[in-house]
Amino acid sequence: MTVLRPAEALAHAVAILAAQGFAVVARNTRSDSVYLKPAACAFALRVSNHARTPKQRKNHPDAITSLVLRDPTSEAALAEAVAVAVRNFNGERAKRERAGPA
């Protein structure tokens, strides 16, 4: 079983999401937070090694779901975490799109 360190897991998660149609739209200067959006979508999924800071919330209000990867993880556990994040993203996106503009 391969164990991925958090930085490796983050890069792998971004690759999995890209293969599912998400595109990187923003990355912080340390590259420990990456924001991805599906085509023609107003909302982003955030992948990071830490919880969102107030500054990140202000700069990226479009991020509706976060996948936080703090600890070493197996490839299988990472794949499941990405699947859960995508499921949560899709549910939150549908809810917000039904609600309309704020």
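Please refer to the structure higher up on the page.
Conventions we followed
- Residues numbered from 1 in each chain as written.
- Predicted model: local features only at pLDDT ≥ 70, side-chain atom pairs only at ≥ 80, totals over all residues.
- Heavy atoms only, no water.
- Helix = DSSP H or I, 4+ residues; strand = E, 2+ residues; numbered from the N terminus.
- Rg over C-alpha atoms; globule rule 2.2 N^0.38 Å.
- Phe/Tyr/Trp six-rings, centres within 6.5 Å; stacked < 30°, edge-to-face > 60°.
- Buried < 20%, exposed > 50% of the residue type's maximum accessible area, 1.4 Å probe, protein only.
- Salt bridge = Lys/Arg side-chain N within 4 Å of Asp/Glu carboxyl O.
- Lys, Arg positive; Asp, Glu negative; His and termini not counted.
- Polar contact = N/O pair within 3.5 Å; in protein donor to acceptor, adjacent residues only side chain to side chain.

(A) Inspection of the overall build of the protein chain at higher detail. In terms of helices and strands, the protein chain carries three helices and six strands. Put simply, the protein chain runs from its N terminus to its C terminus through helices and strands in the order β-α-β-β-β-α-β-β-α. What you see for the protein chain is a C-alpha radius of gyration of 13 Å, in line with the 13 Å of a compact globule of 102 residues. C-alpha atoms of the protein chain, sized along the principal axes, occupy 45 × 25 × 20 Å.

(B) Broad picture of the packing of aromatic side chains. Evaluated as defined, the whole model comprises one aromatic pair. Ring centres of phenylalanine 22 and phenylalanine 89 lie 5.4 Å apart, and the angle between their planes is 65°; on these two criteria the pair is classed as edge-to-face. Taken together, the positions of phenylalanine 22 in strand S2 (residues 22-27) and phenylalanine 89 in helix H3 (residues 75-99) put the pair 67 residues apart, joining distant regions of the chain. Assessed through its relative accessible area of 8%, phenylalanine 22 is described here as buried.

(C) Quick peek at unusual backbone geometry. The phi dihedral of alanine 40 is positive, around 55°, even though this residue is not glycine. Among the structural elements, alanine 40 can be located in the loop between strand S3 (33-38) and strand S4 (44-48).

(D) Fine view of the pattern of salt bridges. One pass over the structure, following the stated rule, counts six salt bridges. Residue glutamate 80 pairs with arginine 87 through a salt bridge whose shortest N-O separation is 3.9 Å. Since its relative accessible area comes to 46%, glutamate 80 is described here as partly exposed. The structure contains a network of salt bridges with shared partners spanning Glu92, Lys95 and Arg96.

(E) Expanded view of the side chain of arginine 46. Along the chain, arginine 46 turns up in strand S4. There is no salt bridge for the buried arginine 46, and the closest opposite charge comes from aspartate 32, which lies 6.7 Å off by N-O distance. For arginine 46, the side chain forms a polar contact with the side chain of serine 33, separated by 3.4 Å.

(F) Focus on the environment of alanine 15. Considering the arrangement of structural elements, one finds alanine 15 in helix H1 (residues 6-19). Given the relative accessible area of 43%, alanine 15 is considered partly exposed. C-alpha separation for the pair alanine 15 and valine 47, spaced 32 residues apart in sequence, amounts to 11 Å.

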